[in-house]
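A look at the structure
Each chain is listed here by its residues.
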Number of protein chains: 2
Amino acid sequence: MLSINKNYLNLKESYLFSEIGRRANAFIAANPDKKVIKLGIGDVTLPLCDAVIKELSAGVSDMASASTFRGYGPEQGYDFLKGAIKDYYAKKSVSLEKDEIFVSDGAKSDLGNILDIFGRDNTVLIPDPVYPVYVDTNIMDGRSVSYLKANEENGFRPLPDADTKGDIIYLCSPNNPTGAVYTKDELKVWVDFALSNNSIILFDAAYEAFIIDNELPGSIYEIEGAKKCAIEFCSLSKTAGFTGTRCGYTIVPNDLVFDGVQLNKLWLRRQTTKFNGVSYIIQKGAAAAFSDEGIKQTRENIAYYRRNASVITSTLDKCGIWYCGGKNSPYVWLKCPNNMDSWTFFDYLLNNANVVGTPGEGFGENGKGFFRLTSFNNYENTVEAMKRFENML
Amino acid sequence: MLSINKNYLNLKESYLFSEIGRRANAFIAANPDKKVIKLGIGDVTLPLCDAVIKELSAGVSDMASASTFRGYGPEQGYDFLKGAIKDYYAKKSVSLEKDEIFVSDGAKSDLGNILDIFGRDNTVLIPDPVYPVYVDTNIMDGRSVSYLKANEENGFRPLPDADTKGDIIYLCSPNNPTGAVYTKDELKVWVDFALSNNSIILFDAAYEAFIIDNELPGSIYEIEGAKKCAIEFCSLSKTAGFTGTRCGYTIVPNDLVFDGVQLNKLWLRRQTTKFNGVSYIIQKGAAAAFSDEGIKQTRENIAYYRRNASVITSTLDKCGIWYCGGKNSPYVWLKCPNNMDSWTFFDYLLNNANVVGTPGEGFGENGKGFFRLTSFNNYENTVEAMKRFENML
């Protein structure tokens, strides 16, 4: 008699985005003359850059003739792409071996799948508010999860204290949803904590390309000792607009040894057994995103989004509203004005400024009273939305 | 203190293909004048068909401008592709709902990942010889695996008997590595067994497009009752030459209910949590493979491989060697002549005919004394190889 994985029954349904959609649509139906602007978008909107398009096309052409056709490739990714990623890290003064780099179809897949190689008896520490995937993937495995409070006091960059415990620790910097970015000194505290507790840090660097402040770390491996205690997940989704094109990568340093076993070898075995690599065509395009021309072009797109973020943050500055994020992140995380709760402010903003955002409590307990605005709409809409926001208050 | 998943320590390394490579390379080095022909290839060699290339290119173009750009898509796949797959099944008289179809980056991923939704206490039944992924993915979860003997007597199409037990049952038809194809009556025996034992059948149909005998089932859902006991995995890898392009699909019928839970909903939750869908570009190409033009063109490629298979089988017929597969499969599975064991015959064939194949014992105990030849080399080489094979005996 087949049994299901009963841990799935402990998952909660998330109604965040469906509830946002329901309320926004109800407003639009009742107010057909009003132009509603969505600053809740968590997805890129600019097209892929020319350098990437050119190589995607070259990849398609390669598949059209027998002499250049590619069948099964290495599960870990083609050397040409791993080399491009290695060079990209070298620019951050992080030296990697190619066999420490695993190309994937996106950070979400690897963040979920990495748990395959860990025991189910590990305890898990997750900052709150949080990207829900960290929580749900552990609930599916039946692991015990505890939360770390991110809040206004710690700038949504929580650090461990004497009571902190966790075998598996999730950190996301620049953070989704808060936009907060750990400094090198702060990450050093985490690395030292992990080293002294034999914990692993799962470091989500999906938004690293938004960092413009050179003092802020774009990779956890900029911190000494991190190669002995951290796996880094990254993605081209936000770096190069690949949310619908799908390519990411995971760094599993050879120095990671737990229970006497190299994690790199376990992950290699996991990937060669349960994955067949990313499409050759997509890997061609991904490699182009790391070329000089590709970096120049993708950074222009990011600058466009960053300008939108600065429209948002300068309005909040004028209104005297507390926020974090925005400068080194596409997300702005603000304290709801007049101590409104998240959903009250959602309705208030929708009714009075006809702007849609995301209530912070959708991301966890500590998101209560906070709100997320994003920079992924176009410039004109963002300016218009924030004018209305200012007038509303 | 982080613990690893200790089940990984129970995995055996597979030396099959590295040992084949080592012996072949040693022979080539010692005999530089000999032309060695490889009939061990398990990968397609013909380029993608025009219909697919055209739509892959259109997909790339869509990503180049803002008005047609695609960001995050549905994790389960775009409607246009699920619709094409639904229509493809309708031609086999199998009626599916779109929400029963899950698009993936390949059958290997889903065959591994599907185990997430099942308890670790289930027992597993796997035919031997076998595609090693079925075994290793279960060892990683610590499940108990028993084997079902496929052999000459049952035509490498084993059926359950009074002693057969298994909560999770793997069937692959047309089979890799043996090329054997279950008849409808035989599959009916399996479906009835699963229904009466509350077991699930994981049906690997990756080679279904090679079936030309209309009486043979290309989907387990051609069998009455299968929607209550079977998940079907399929891939465009062999159907349309997508081994390096990466697209597959998994059918999880709404009628599958175990422990009072719809498996479809569990798998949906798994995929929306740990997967972000297949690249839009690749899905465009995949849909083209199911168009009338696409089916016509991909079937021409399959006919080319099938002609190679018939060159192999007609030689074996002449030599009076027992085999299965070949007609409805790219694989031919033969009994080693003169009761040689697999590796002895490998060396004999390499030394005397300069042909490389795959020793059957690499696929399990019951592969001992058998040998796999494949149809993925080109026609001229296949003819030459089989001439040498005939002369050798």
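Structure shown above.
Let us look at the structure shown here. As the structure is a prediction and not an experimental result, all values here were calculated from the model.

Parameters and conventions
- Residues numbered from 1 in each chain as written.
- Chains lettered and ligands numbered in written order.
- Predicted model: local features only at pLDDT ≥ 70, side-chain atom pairs only at ≥ 80, totals over all residues.
- Heavy atoms only, no water.
- Helix = DSSP H or I, 4+ residues; strand = E, 2+ residues; numbered from the N terminus.
- Buried < 20%, exposed > 50% of the residue type's maximum accessible area, 1.4 Å probe, protein only.
- Contact = heavy atoms within 4.5 Å.
- Areas by Shrake-Rupley, 256 points an atom, 1.4 Å probe, with all protein chains shown as cover.
- Lys, Arg positive; Asp, Glu negative; His and termini not counted.
- Charge placed at Lys NZ, Arg CZ, Asp CG, Glu CD.
- Least-squares fit on C-alpha atoms with pLDDT ≥ 70 in both.
- Axes fitted to C-alpha atoms, helices over the stretch in contact; angles between N-to-C directions.
- Parallel < 35°, antiparallel > 145°, perpendicular 65-115°, else oblique.
- Left-handed = near helix turned anticlockwise from the far one by under 90°.
- Nonpolar A, V, L, I, M, F, W, Y, C, P; charged D, E, K, R; others polar.
- Pairing = 2+ DSSP bridges.
- Right-handed = clockwise from strand over helix to strand, strands pointing away.
- Buried area = accessible area lost by both parts, 1.4 Å probe.
- Salt bridge = Lys/Arg side-chain N within 4 Å of Asp/Glu carboxyl O.
- Polar contact = N/O pair within 3.5 Å; in protein donor to acceptor, adjacent residues only side chain to side chain.

**Focus: the overall build of chain A**
- When helices and strands are counted, chain A shows 12 helices and 15 strands.
- Along the first, second and third principal axes, the C-alpha set of chain A runs to 60 × 55 × 55 Å.
- Taking all 393 residues of chain A together, 64% fall into the buried category.
- Nonlocal contacts in chain A, meaning residues at least 24 apart in sequence, comprise 74% of its contacts between residues at least 6 apart.
- Carbon and sulfur atoms make up 48% of the accessible area of chain A, which totals about 14,100 Å².
- Counting 42 positive and 48 negative side-chain charges, chain A places the centres of these two groups 3 Å from one another.

**Section: the relation of the copies chain A and chain B**
- Rotating chain A by 180 degrees and moving it 0.0 Å along the rotation axis overlays it on chain B with an RMSD of 0.0 Å. Expressed as an axis order, the relation between the two copies is that of a two-fold axis. Taking the C-alpha atom as reference, chain A places A:S57 closest to the rotation axis, 3.2 Å from it.
- The residues that chain A uses at the interface reappear at the interface of chain B in 100% of cases, marking a shared surface.

**As for the packing of helix α2 (residues 50–62) of chain A against helix α9 (residues 280–289) of chain A**
Residues and elements named next belong to chain A.
- Where α2 contacts α9, the two axes come as close as 8 Å, and the packing angle between them is 150 degrees. Put simply, α2 runs roughly antiparallel to α9. Seen along the crossing, α2 lies across α9 with a hand that is right-handed. Here α2 contributes A51, V52, E55, L56, A58, G59, V60 and D62 to the contact with α9, which in turn contributes Y280, I281, I282, K284, G285, A288 and A289.
- Its residues assigned to classes, the contact of α2 with α9 comprises 10 nonpolar, two polar and three charged.

**Concerning the sheet that holds strand β12 (residues 331–335) of chain A**
- Strand order in the open sheet made by the four strands is β11-β12-β15-β14 (chain A), with antiparallel pairing throughout. In this open sheet, the two edge strands, each paired with only one partner strand, are β11 (323–325) and β14 (358–359) of chain A.

**Notes on unusual backbone geometry**
Residue and element names in this part refer to chain A.
- The step from D128 to P129 runs through a cis peptide bond, and the omega angle for that step is 10 degrees.
- Take P129: it is sitting in the loop between β3 (123–128) and α5 (132–140).
- Across the junction of N176 and P177, the peptide omega takes the value 20 degrees, indicating a cis bond.
- Turning to its location among the elements, P177 is positioned in the loop between β5 (168–172) and α6 (184–197).
- We note that N354 has phi near 55 degrees; this positive angle belongs to a residue other than glycine.

**Points about the sheet that holds strand β6 (residues 200–204) of chain B**
Residue and element names in this part refer to chain B.
- Reading across the sheet, the seven strands line up as β2-β8-β7-β6-β5-β3-β4 and stay open at both edges, with mixed pairing between neighbours. Edge positions in the open sheet fall to β2 (101–104) and β4 (144–149), since each of these has one partner strand only. Mean inter-strand twist for the sheet, computed between neighbouring axes without regard to direction, equals 20 degrees.
- As paired elements, β6 and strand β7 (residues 230–235) share four bridges and run parallel to each other. Note that in β7 the partner of F203 across the bridge is E232.

**Quick word on the pairing of strand β4 (residues 144–149) of chain A**
All names here are of chain A.
- Here β3 pairs with β4 via six bridges, running parallel. Across the sheet, L125 pairs through a bridge with S146, a residue of β4.
- Taken together, β3, α5 and β4 constitute a β-α-β crossover, and its handedness is right-handed.

**Some details on the interface of chain A and chain B**
- In this assembly, 77 residues from chain A lie in contact with 77 residues from chain B.
- Buried area between chain A and chain B, summed over both chains or domains, comes out near 6,400 Å², and the portion from carbon and sulfur atoms is 56%.
- In this assembly, chain A and chain B are joined by eight salt bridges.
- Its salt-bridge partner being A:E75, residue B:K108 comes within 3.1 Å of it at the nearest N-O pair.
- Inspection of the chain A/chain B interface yields 42 residue pairs in polar contact (both at pLDDT 80 or more).
- Of all elements in the fold, only α2, α4 (107–113), α5, α7 (236–239), α8 (263–274) and α9 of chain A reach the threshold of two or more residues within the side of chain A that touches chain B.
- Tallying contributions element by element places α8(A) first for the side of chain A that touches chain B, with seven residues.

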